[in-house]
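The chain contents come next:
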2 protein chains.
Amino acid sequence: MPPVAPRSGDAIFANVERVNAELFTLTYGAIVRQLLTDLEEVEEVNEQLDQMGYNIGIRLIDEFLAKSNVSRCNDFRETTDVIAKVGFKMFLGVIASVTNWDADGTCCSIVLEDNPLVDFVELPDNCQGLYYCNILSGVIRGALDMVSMKTEVTWLRDVLRGDDVFELQVKLLKHVPEEYPYKDDE
Amino acid sequence: MPPVAPRSGDAIFANVERVNAELFTLTYGAIVRQLLTDLEEVEEVNEQLDQMGYNIGIRLIDEFLAKSNVSRCNDFRETTDVIAKVGFKMFLGVIASVTNWDADGTCCSIVLEDNPLVDFVELPDNCQGLYYCNILSGVIRGALDMVSMKTEVTWLRDVLRGDDVFELQVKLLKHVPEEYPYKDDE
C-alpha cells in the first residue's frame, strides 16, 4: 500500500477556532520583549523561547492528531511533509515546503515564506544574535518528540536577519517506532 | 443625529487573518508560566501581564480602527459597547456584554462568558492571587488610552477563581476629547 498522502490543512484550518493573527503577533512580540528585559544574554532568550515552544509542541500534537485526521506517518520524510503542509496551515494559516533532503532521509529543511510571527518586527542592533522565531523550532521539536522522533531543529535562514525566507533544518537523531498490538490496515 | 450603532464583529472577524486559537492559548499559557518562574511574587506577574497588555492595546487600537470601520464614538458608554461587541469578537472571536452602569455613566462592567485564554487552564494552589487574564485588562486600558480615555480596569469576577463568568470593571478616570478641525458629518 502506498503511504497515505498528507491532506491539505485548508479545510482543517477553516473548522478550528481561531483568534486574530495580529493579536497573536503582538502577544508573541510582548513575550520576546519580556524575555529580553528579564534575561541578560540574547542566547538565553533563544533557549527560553525554544523551551517554551517545546512545552507548547508536546501539547499541540494532541490537537493536531485529533483534528487533522492524519493517518500514522510511516517515516520521517512523511512526517515532515505533514508538518509543513498540514501543521503550519492548521496552526499559523501558512504553508511551508520541505526541501534539501540528505541522502539517507534523516535531515531536511522546512522553508517558510510567510510567517505571521514577524509582522511589523524589526530587530534592533543589540539583538542581532536573537532567533526571534525560536519558539517555532521548539514546537516542532516537542511535537516530534511525542511521536518518538528525537530531533535537532536549527535555523539556517531568517528573514529578520536579511535572508529571503525562513529555513529550519530538522535533523532526525533517533526514531523509536512505537509497537502497536494491531495493524492499522486490519 | 442618533449615535452610530456599533456593528457586529462577525463580518470583520471573518475577514481578518487568524491563527489557531489553541496555539494562542498555549502560547499565552507559556508566557504566564515563564513570568511565574522569573518573578518572585504573583502580584508582580499580575503587573507584568497588565503592562504587556497595555503595550499590545496601544498598537491593537490601530488595527481595530482600520479594520472595523467603527465611527468615532461619542462617549464612554458607546465606546465600551463597541469594545465588548466588536472588539472582543474581532480579536478573540467571542462576544462580551456591558452591564452594571453607575448613575453618571463613568463606570461599567464588561462580562465575558467565553474566553479562549483559559481553555485547559487550572490555577495551582500557590497561584491563587494570580489574575491569569490580566493581559486583557491591560489591552483595554492601553487601547482606551489611545482614544484619550484614561481608565482603571479591575477584575471583579474570574472563572478561574470559581466565579461563573469573567467580569472586568472599567472606570473612566479622565476623558480629554480630541479637538478636530472639522466635523465628521460635514
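Everything numeric in this text was worked out from a predicted model, so none of it was measured.

Trainee: Can you help me understand the overall build of chain A in this one?
Mentor: A count of helices and strands for chain A gives five helices and five strands. Helices and strands appear in chain A in the N-to-C order α-β-α-α-α-β-β-α-β-β. The globule rule puts the C-alpha radius of gyration for 186 residues at 16 Å, and the 17 Å found for chain A is close to it. For chain A, buried positions account for 51% of its 186 residues. A separation threshold of at least 6 residues defines the contact pool for chain A, and within that pool the share at least 24 residues apart is 60%. Only carbon and sulfur atoms are counted for the fraction: they give 48% of the accessible area of chain A, which is about 9,300 Å².

Trainee: Help me understand the interface of chain B and chain A, please; the structure alone is not making it clear to me.
Mentor: Often, the extent of an interface is quoted as the loss of accessible area upon association of its parts. Contacts between the two partners involve 31 residues from chain B and, on the opposite side, 32 residues from chain A. Regarding the contact of chain B and chain A, the summed buried area is about 3,200 Å², with carbon and sulfur atoms giving 64% of it. One can count zero salt bridges joining chain B with chain A. Connecting chain B to chain A are five residue pairs in polar contact (both at pLDDT 80 or more). Those elements that place two or more of their residues in the side of chain B that touches chain A are strand 1 (18-20), helix 2 (21-38), helix 3 (42-68) and helix 4 (76-92) of chain B. Take the side of chain B that touches chain A: its biggest share by element is 13 residues, from helix 2 of chain B. Residue classes in the side of chain B that touches chain A are distributed as 19 nonpolar, five polar and seven charged. Strand direction decides the pairing type here: strand 1 (residues 18-20) of chain A and strand 1 of chain B, joined by three bridges, are antiparallel. Along strand 1 of chain B, the bridge assignment pairs Arg18(A) with Asn20(B).

Trainee: It is not clear to me how unusual backbone geometry should be interpreted in this structure. Could you clarify?
Mentor: Apart from glycine, the bulk of residues carry a negative phi angle, and the bulk of peptide bonds sit in the trans form. Of note, Asn69(A) is a non-glycine position whose phi angle comes to about 55 degrees, a positive value. Examined against the element boundaries, Asn69(A) turns out to sit in the loop between helix 3 (42-68) and helix 4 (76-92).

Trainee: Is there a simple way to explain the relation of the copies chain B and chain A in this structure?
Mentor: Both copies of the chain are related through a single rotation about an axis accompanied by a shift along the same axis. Of the transformation placing chain B onto chain A, the axial shift is 0.0 Å and the rotation is 180 degrees, giving an RMSD of 0.0 Å. Taken together, the rotation and translation relating the two chain copies correspond to the operation of a two-fold axis. Most of the interface of chain B is mirrored in chain A, where 100% of its interface residues again form contacts.

Trainee: How should the nonpolar core be read in this particular structure?
Mentor: A general trend in soluble globular proteins is that nonpolar side chains are found buried together. Formed by 117 residues in total, the largest nonpolar core has its most connected members in Phe88(A), Tyr132(A), Phe88(B) and Tyr132(B). Not counting chain neighbours up to four residues away, the residues in contact with Tyr132(B) comprise Tyr28(B), Gly29(B), Val32(B), Leu49(B), Leu117(B), Val118(B), Val121(B), Leu123(B), Asp158(B) and Leu160(B).

Trainee: Before we go on, may I ask you to explain helix 4 of chain B in this structure?
Mentor: An α-helical segment advances 3.6 residues per turn. Residues three or four places apart therefore align on the same side. Of all the bends found along helix 4 of chain B, the most pronounced is centred on Ile83(B) and spans about 35 degrees. Gly93(B) lies just past helix 4 of chain B and shows a positive phi near 80 degrees.

Scoring rules and cut-offs
Residues numbered from 1 in each chain as written. Chains lettered and ligands numbered in written order. Predicted model: local features only at pLDDT ≥ 70, side-chain atom pairs only at ≥ 80, totals over all residues. Heavy atoms only, no water. Helix = DSSP H or I, 4+ residues; strand = E, 2+ residues; numbered from the N terminus. Rg over C-alpha atoms; globule rule 2.2 N^0.38 Å. Buried < 20%, exposed > 50% of the residue type's maximum accessible area, 1.4 Å probe, protein only. Contact = heavy atoms within 4.5 Å. Areas by Shrake-Rupley, 256 points an atom, 1.4 Å probe, with all protein chains shown as cover. Buried area = accessible area lost by both parts, 1.4 Å probe. Salt bridge = Lys/Arg side-chain N within 4 Å of Asp/Glu carboxyl O. Polar contact = N/O pair within 3.5 Å; in protein donor to acceptor, adjacent residues only side chain to side chain. Nonpolar A, V, L, I, M, F, W, Y, C, P; charged D, E, K, R; others polar. Pairing = 2+ DSSP bridges. Least-squares fit on C-alpha atoms with pLDDT ≥ 70 in both. Core = buried A, V, L, I, M, F, W, Y, C linked by side-chain atoms within 4.5 Å. Bend = angle between axes of the 7 residues up to and from the residue.

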